[in-house]
Amino acid sequence: VLGICAYLVWIAAPLLAPGSIGAEREASPASPGSVAVWSDDQSRLLASLHEDGTVRASLLAEGPAFAPRSLTSADRSLTAISAPGAHGRVALGFDTGEVELARVDFADRVVGDADPAWVDLGDLRIVEGDQGATAYTERTPRGAWRVASVEVEARAPVALGAGEGEVRRIDYAINPAGREYVLALRADGTLVVNTVRTIRPLGGGEPTVRLQGRSMLIPETGDPPEWIAIDSDGASAYAVWADGRLIRWALGAGEPTIAEQREVAAQGAHVTLARMMQGGRTLVIGDSAGAVRALATAPNPSGSAPDGLELVETATWRPFGADGGEVRVLGLGARGRLVVVASGKGDLAALHMTSGKVVARAHAPFVPAALALHPRLDGMTAVAEDGRVVTWALDPGYADASVRTLAAPVVYEGALEPGFVYQSSSADDTAELKLSLVPLVFGTLKATVISMLIAAPLAVMAALFTTEFMHRRVRASIKPAVELMASLPSVVLGFFAMAVVAPAVGEHLMIVLAAFVTVPLVVIAGAQAWSMCPPRVTRTVRTLPRLLAITGAGAIGIGAAMAVGPLAEHVLFSASSQDLWREAGSVEPVHAADVPDWAVGRAVLSADEARRLHVAGFALVDGVVVRPVEPSDGEGVARVDGLRRDPPRSLRGMRAWLNGNIGSAAPGWIVVFALFVTPLTLGVRSVLGAGFLERVFPGRTRVVGAGLEWGFFAIIWLALSACAVVGAIALDRAGIDARDTILGSYSERNTLVVGLVMGFAVIPLIYTISEDALASVPANLRSASLGCGATPWQTAVRVVLPVAGSGIFSACMIGLGRAVGETMIMLMATGNTPTIDLNIFEGFRTLAANIATELPEAERGSTHYRVLFLCGLVLFVMTLAINTTAELVRQRFRKRSAAL
């Protein structure tokens, strides 16, 4: 066991270790004036874009420079450059008001034989062209030659359709679907946003670029913004000033409008950098105080922005310490959320923008003018103003995993609030991995608690009945039969839960819930009736008939649930007249003053918000808040009458109430409280003591005493039921809805189904160990108790049960460990949704099910792979804690009972 634990630690521990960086290496110098640099996949070639619009490439190792390629012409002057990401996309702005889009890329091809024109440089060879070197080659392990070259594709310049004067600032974004956007600021203060359409002739030839643009004016605030940016969805445009001002425009279907204005620099600091991250959805801000901030838009329908979005600061870091100098340059990678930032003192830090982990640090011999992360994230390159180049080998380790992402709430891209999210796969390389283990641990504990609430009382009471009230011969048959339940494979139980139990519970939900009330009541009523029988009758009834009588009482309880459940559902969860009016379309607009504050101006509501609006007596129809009214025309009355006679499924039953289509909060609270009335009644009866009625009514006969006991139980039960109804109405009046906490929308594979099936799987284990513990209690203790006048039930509960407490507790803890580690039932019956939700009608995902689902597809050695082993380690620690606690408690009980 220790070996397994050590192996899990060995696999999972590197997740929290920092990365490493190799020694500084000087590379072939580039030309001065670089504004952006890129490296190829093999970290051999370096391409750089310069202030004059020239693209130059060279080997990082010592060798000749490649032939330069100019993206400009003599008849126009370059006034703005944007190289937004690590994929070589470039946008140029000119004094003529035109923009040009280009792409700098690295191409690989494999050839069979060497070419005499190649220049031998040892393990590399250079391909010489008319203008100089154009590519390099190296021999592959199979003897062929791989030829790598730099390709530059420039599309013809196209004029902007709005504004006047030169292009002052420009930004370029492309989303994973290939849609392109260009944002340009002209000399007259016009900000133009364009959607790019590239038309490629079928017969070949130069592609044609067309811009479909809209414009807005920069507010009169003095100097123009230092930086502009557009997100890759084309939904927002940004302008950032050095003094910390930021303006966001909403780029909806209509005219662009200012959505937000805010300050993004720390007090006393100024902005030194503003750039969109790879993926184009997060804006990175660097300031003179050394802080790096990440901001992204998130949906906020209740906000004031016209597009329903709000700019959220997802995180802030100071990678260089309190006095490390201002943030100067940002280098992006081709994938992931890793970036490299440089300070004004030449310090470099590779930083993961989600986890906040500083992967590695380095110091450049100059202040970098441009930075690049190599495509495979195995190195980084810094270029100085004078053209000096320095590279470092980089091992980022597991940058996207940290204590913060594994166990703390994180504000992810597109989220308004911090949260615990597990999402191990993403749609593209630039998206965030969400690896919080909290939803998985929560799901594991949720399943375990619900299962144990069902299994532990049944198993322990069954063991007590078997040991204390069954004849030995019957017990010899019953115990193996119960233990035979454990022989069913968990995969069979999981399939049964998925194919049989889940549909049945969903179809007859109210009957299942009613059974939790009727079955205990019928069994208790049967017990009271049994106590009223003469002793000469009860003594002649053997064990097997008693067991059959108890089974019959349970069957009667189920039959009562089948009768009571539909009736209760009809009474509690029928559509009201207002619900029918709303469904029939008989509504009227509501004055804004009468609408709840949180719903004012909302065009779209979530399911929970729509339910809250229904509870308040309103509805949202076509973006307008309306109130149901009684129809006055014959057609409307006929529609309502038809709905009342045959309501649709969406307006009928408890599931309709759970999904928020009908009803107030009171019926749900009544159901919840009803589940606890019977246990509370037994608790009150136990607190008052067995001799309470004897003291109140002395000298009673046995039959009268039994009748009084039953009447007293009924009075307590009815009183608590009345309190439950009053409490439900009070909570409804207070606006507290159970659908916001322990109840909610209904999912067919949910916690209740898992609890029922897992309870069936755990009962045999708890029963067997508890029965053995109870049977091992010395017989002389029972005899002494009976000799003192105690009844068999009093002896069982007050003598045998406490003495066997250590074994029973151990049985429950072992059952708990069994529930924690269950895989197949959780995998097949839960829906595998990693959420944190107390709703018992919602699914979840457990640690064990997550490992079984994802480990076969995880890349060996990846962050995901090691996180799954960390899940195993957490599961190991949980079961170890459970078993250790069980052993400590067992030893304590044994010491207390040692003298017996």
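Before going further, it helps to spend a moment on the overall build of the chain. Regarding its fold elements, the chain presents 22 helices and 38 strands. A compact globule built from 900 residues would reach a C-alpha radius of gyration of about 29 Å, whereas the chain, at 36 Å, exceeds it by more than 25%. C-alpha atoms of the chain, sized along the principal axes, occupy 120 × 75 × 55 Å. Burial statistics for the chain: of 900 residues in total, 47% are counted as buried. Across the chain, the fraction of contacts at a sequence separation of at least 24, relative to all contacts at a separation of at least 6, is 62%. For the chain, the exposed surface amounts to about 41,100 Å²; the carbon and sulfur share of it is 59%. If the 76 positive side-chain charges of the chain are averaged to one point and the 86 negative ones to another, these points end up 14 Å apart.

Right, let's talk about the pattern of salt bridges for a bit. Taken as a whole and judged by the stated rule, the model has 29 salt bridges. Notably, a salt bridge pairs E468 with R782, separated by 2.8 Å at the nearest N-O pair. Of this pair, E468 sits in helix α3 (residues 438-469) while R782 sits in helix α17 (residues 779-787), and the two are 314 residues apart along the sequence. The closest approach of N and O atoms between R639 and E635, which form a salt bridge, is 3.3 Å. Linking R639 with E635, this pair stays in helix α11 (residues 634-645), spanning four residues, or about one helical turn. Taking relative accessible area as the criterion, E635 reaches 55% and is therefore assigned exposed. One network of salt bridges, with partners in common, ties together R611, D737, R739 and D740.

Glancing now at unusual backbone geometry. Note: most residues except glycine have negative phi, and most peptide bonds are trans. Phi angles above zero are rare outside glycine, and L377 is one such case at about 55 degrees. Its place among the elements puts L377 in the loop between β31 (370-373) and β32 (379-383). Positive phi outside glycine occurs at N832, with the angle close to 55 degrees. Within the element layout of this structure, N832 appears in the loop between α20 (824-829) and α21 (847-854).

Ranked by internal contacts, the top residues of the largest apolar core, which has 66 residues, are V505, L509, M654, L658, I766 and F841. Ranked by the residues each element gives to this core, the list is headed by helix α16 (residues 751-775), at 12 residues. When residues no more than four places from it in sequence are discounted, the contact partners of L658 are L509, R739, L743, G744, S745, Y746 and F841. Among the nonpolar cores identified, the runner-up in size contains 30 residues, and L440, V820, F869 and F876 belong to it.

Quick notes on the rules
- Each chain carries its own residue numbering, running from 1 in the direction its sequence is written.
- Predicted model: local features are reported for residues with pLDDT of at least 70 only, side-chain atom pairs are reported and counted for 80 or more only, and whole-chain, interface and lining totals are derived from all residues.
- Excluding hydrogens and water, the side-chain values take into account all heavy atoms of the structure.
- The way it works is that DSSP assigns letters per residue, a run of H or I at least four long becomes a helix, a run of E at least two long becomes a strand, and they are numbered from the N terminus.
- It is over C-alpha atoms that the radius of gyration is taken, and the globule rule equals 2.2 Å times the number of residues to the power 0.38.
- To sort residues, take the accessible area from a 1.4 Å probe on protein chains only and compare it with the maximum for the residue type: under 20% means buried, over 50% means exposed, and anything in between is partly exposed.
- What makes two residues a contact is simply this: any of their non-hydrogen atoms within 4.5 Å.
- Areas reported as accessible are Shrake-Rupley estimates using a 1.4 Å probe. Residue values count occlusion only from the protein chains shown.
- The convention is simple: Lys and Arg are positive, Asp and Glu are negative, and His and the chain ends are not counted.
- A single reference atom marks each charge: NZ on Lys, CZ on Arg, CG on Asp, CD on Glu.
- Between Lys or Arg on one side and Asp or Glu on the other, a salt bridge is scored when a side-chain nitrogen of the former is within 4 Å of a carboxyl oxygen of the latter.
- Only buried Ala, Val, Leu, Ile, Met, Phe, Trp, Tyr and Cys residues count toward a nonpolar core, and they belong to the same one when joined by side-chain atoms within 4.5 Å.

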